[in-house]
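Coordinates in review
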Amino acid sequence: MELLIGSHVSFNKKTQMLGSVLEALSYKANTFMFYTGAPQNTTRVEINDDITLQAKSKMLENNIDINKVVVHAPYIINLANSKNEQFNIEFLTQEIKRVSKLGIKNLVLHPGSHVGLGVETGINNIAFCLNKVLEENNDVNICLETMAGKGTEIGRSFEEIKSIIDKVDNSDKIKVCLDTCHLNDAGYDVSNFEQVLDEFDKIIGLEKIAVVHINDSKNKIGSNKDRHENIGYGTIGFDNMLKIIYNSRIKDVPKILETPYIGVDDKYPPYLFEIEMIRNKKFNDKLMDSCSSYYKKD
Ligand code: FE
Ligand code: FE
Ligand code: ZN
């Protein structure tokens, strides 16, 4: 099977998923991920079925498998904190409905931060909410993302993810999203990715991996920072990134770039050129030049 590579793309009120597909195609991607609204808030628009239909036929036309497309839940949702429990459950329930209406299977979710309540309480809160949210039958998987361990983030280890999964009744619906920057920052040596996968397989099981976020890291292993870097420009490095991306044990899993925009005021998306260097397996050490000459308005 062909490499499934794409990036985070935008989703706006007017063009919705059609805009997302077109943006992905502009990067020569064959998969993509989007937030159904701004990632930092929970304001969401009604999904327009006409646009969804157009988006789906665009995908079909371009051999994009909708089953591999990903939605990311807003990161301010914090299931580990029982304070906004009712709102979180309602929002996530609605979000699953939107994702289902779009015909998408995978919803990535940050497990949450325990904000001083302690890991165990945090995990119990997360599992409680997931059980509520998964009560109704639906065809959407929640993909818990592995986190960098910044602050009181839960999901910094495979063991933490596993203990959430173990507490969910409908655990078939729980999958995992690996994030290479987060793994590195949490202390996993992704330069030996085979070993990381062995460990994941032992604790959770490789079949649970539904999405991989492909990011280099600005910080060294174990820093608990979570700052993404462009592919080959960070501490993980281009060769290690390629080994992860082309690892045969995760070959059917969509790889999604969430690397930073580049240039003054973060003007240019790097994805067209990052995808190109990944496909060519050849590092582009002039990413900024490539982007600025390509996107420069005349
Ligand atoms: Fe994320
Ligand atoms: Fe991520
Ligand atoms: Zn991150």
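Here's a quick rundown of the structure. Keep in mind it's a predicted model, so treat the numbers as computed, not measured. (Residues numbered from 1 in each chain as written. Chains lettered and ligands numbered in written order. Predicted model: local features only at pLDDT ≥ 70, side-chain atom pairs only at ≥ 80, totals over all residues. Heavy atoms only, no water.)

1. Brief notes about the coordination of the iron ion (ligand 1)
As a reminder of what qualifies: Only nitrogen, oxygen and sulfur atoms qualify as donors, provided they sit within 2.8 Å of the metal or within 3.2 Å for Na, K and Ca; with water excluded from the atoms, sites may seem incomplete. The secondary structure listing takes helices from DSSP runs of H or I that are at least 4 residues long and strands from runs of E that are at least 2 residues long, numbered from the N terminus. Residue exposure (1.4 Å probe, protein chains only): buried if accessible area is under 20% of the type maximum, exposed if over 50%, otherwise partly exposed.
For the iron ion (ligand 1), the full set of protein donor atoms is His72 (NE2), His110 (NE2) and Glu145 (OE), at a range of 2.1 to 2.3 Å. Read from N- to C-terminus, the donor residues coordinating the iron ion (ligand 1) fall into the pattern H-x37-H-x34-E. Taken as an interatomic distance, the gap from the iron ion (ligand 1) to the iron ion (ligand 2) is 3.2 Å; glutamate 145 donates to each of them. Here histidine 72, found in strand 3 (residues 70-72), pairs with histidine 110, found in the loop between strand 4 (106-109) and strand 5 (112-113); they are 38 residues apart in sequence, far enough to count as distant. Residues histidine 72 and histidine 110 agree in their burial class; the two are buried.

2. Some words on the pairing of strand 6 (residues 141-145)
Condition: For two strands to pair, DSSP has to find at least two bridges joining them.
With five of its five residues buried, strand 6 lies for the most part within the structure. In strand 6, alternate side chains face the same way, and those of Asn141, Cys143 and Glu145 on one face and Ile142 and Leu144 on the other are all buried. Looking at chain direction, strand 4 and strand 6 are connected through four bridges and run parallel. Bridge pairing in strand 6 places asparagine 106 opposite asparagine 141. In this sheet, strand 8 (residues 174-179) lies alongside strand 6 in parallel orientation, the contact comprising four bridges. Along strand 8, the bridge assignment pairs glutamate 145 with cysteine 177.

3. Details of the pattern of salt bridges
Using the following cut-off: For this document, the term salt bridge refers to a Lys or Arg side-chain nitrogen within 4 Å of an Asp or Glu carboxyl oxygen.
Applying the stated criterion across every chain, the model contains nine salt bridges. For arginine 44, the salt bridge is made with glutamate 95, and the minimal N-O distance between the two is 3.9 Å. A residue pair is termed long-range when its members are at least 10 positions apart, and arginine 44 in the loop between strand 2 (31-34) and helix 2 (49-61) and glutamate 95 in helix 3 (residues 85-102) qualify at 51 residues. Using a relative accessible area of 16% as the deciding quantity, one classes arginine 44 as buried. Take glutamate 95: its relative accessible area is 0%, and that puts it in the buried class. The salt bridge partner of glutamate 194 is arginine 249, with a shortest N-O separation of 2.6 Å. Remark: arginine 249 occurs in the loop between helix 8 (238-245) and strand 12 (255-257) and glutamate 194 occurs in helix 7 (residues 193-203); sequence separation between them is 55 residues. A single salt-bridge network, built from bridges that share partners, covers Arg44, Glu95 and Arg98.

4. Quick word on the packing of aromatic side chains
This is how the line gets drawn: A pair of Phe, Tyr and Trp rings is counted when the ring centres sit within 6.5 Å of each other, with Trp represented by its six-membered ring. The angle between the planes then sorts it: under 30 degrees is stacked, over 60 is edge-to-face, the rest tilted. Lysine and arginine charges are scored as sitting over a ring when NZ or CZ, respectively, is within 6 Å of the ring centre and within 35 degrees of the ring normal.
Evaluation of the coordinates by the stated rule reveals 13 aromatic pairs. Relative to phenylalanine 34, the ring of phenylalanine 11 has its centre 5.1 Å away and its plane inclined at 5°; by these criteria the two rings are stacked. Remark: phenylalanine 34 occurs in strand 2 and phenylalanine 11 occurs in the loop between strand 1 (5-8) and helix 1 (16-26); sequence separation between them is 23 residues. For the residue pair phenylalanine 11 and phenylalanine 34, the accessibility class agrees, reading buried in each case. Here the aromatic rings of tyrosine 233 and phenylalanine 283 are separated by 5.1 Å at their centres, their planes lie at 55°, and the arrangement is tilted. On the criterion of sequence distance, the pair formed by tyrosine 233 in the loop between strand 11 (228-229) and helix 8 and phenylalanine 283 in the loop between helix 9 (271-280) and helix 10 (287-295) is long-range, its members being 50 residues apart. Here tyrosine 233 falls in the partly exposed class, since its relative accessible area comes to 34%. Ring pairing ties together the aromatic residues Tyr268, Phe273, Tyr294 and Tyr295, which thus form one cluster. Sitting over the face of the ring of tyrosine 246, lysine 281 holds its NZ or CZ atom 4.2 Å from the ring centroid.

5. With respect to helix 7
Side chains that are three or four residues apart share a direction in an α-helix, a result of its 3.6 residues per turn. Here is the rule: Each C-beta atom gives one direction from the helix axis, and the arc is the one those directions make.
When helix 7 is considered as a whole, its buried residues turn out to be Phe193, Val196, Leu197, Phe200 and Ile203. Angularly, the buried residues of helix 7 cover 130° about the axis, an arc narrow enough to put them on a single face. Of the exposed residues in helix 7, those oriented more than 90 degrees away from the buried face are Gln195 and Lys202. Note on helix 7: the residue one or two positions beyond its end, glycine 205, has a positive phi of about 115°.

6. With respect to the packing of helix 1 against helix 2
Which entries qualify depends on this criterion: Here an axis means a line fitted to C-alpha atoms, over the contact stretch when the element is a helix, while the angle between two N-to-C directions is reported on a 0 to 180 degree scale. Orientation is classified from the angle alone, with under 35 degrees giving roughly parallel, over 145 giving roughly antiparallel, 65 to 115 giving roughly perpendicular, and any other angle giving oblique. By the convention used here, residues are in contact when the closest approach between their heavy atoms is within 4.5 Å. In this classification, Asp, Glu, Lys and Arg are treated as charged, Ala, Val, Leu, Ile, Met, Phe, Trp, Tyr, Cys and Pro as nonpolar, and every other residue, Gly included, as polar.
Following both chains from N to C, one finds helix 1 and helix 2 inclined at 25°, their axes separated by 7 Å at the closest point. In terms of their interaxial angle, helix 1 and helix 2 are classed as roughly parallel. For the pair helix 1 and helix 2, contact is made by Gln16, Met17, Leu18, Val21, Leu22 and Leu25 and by Ile51, Thr52, Gln54, Ala55, Lys58 and Met59, respectively. Among the residues forming the contact of helix 1 with helix 2, the class breakdown is eight nonpolar, three polar and one charged.

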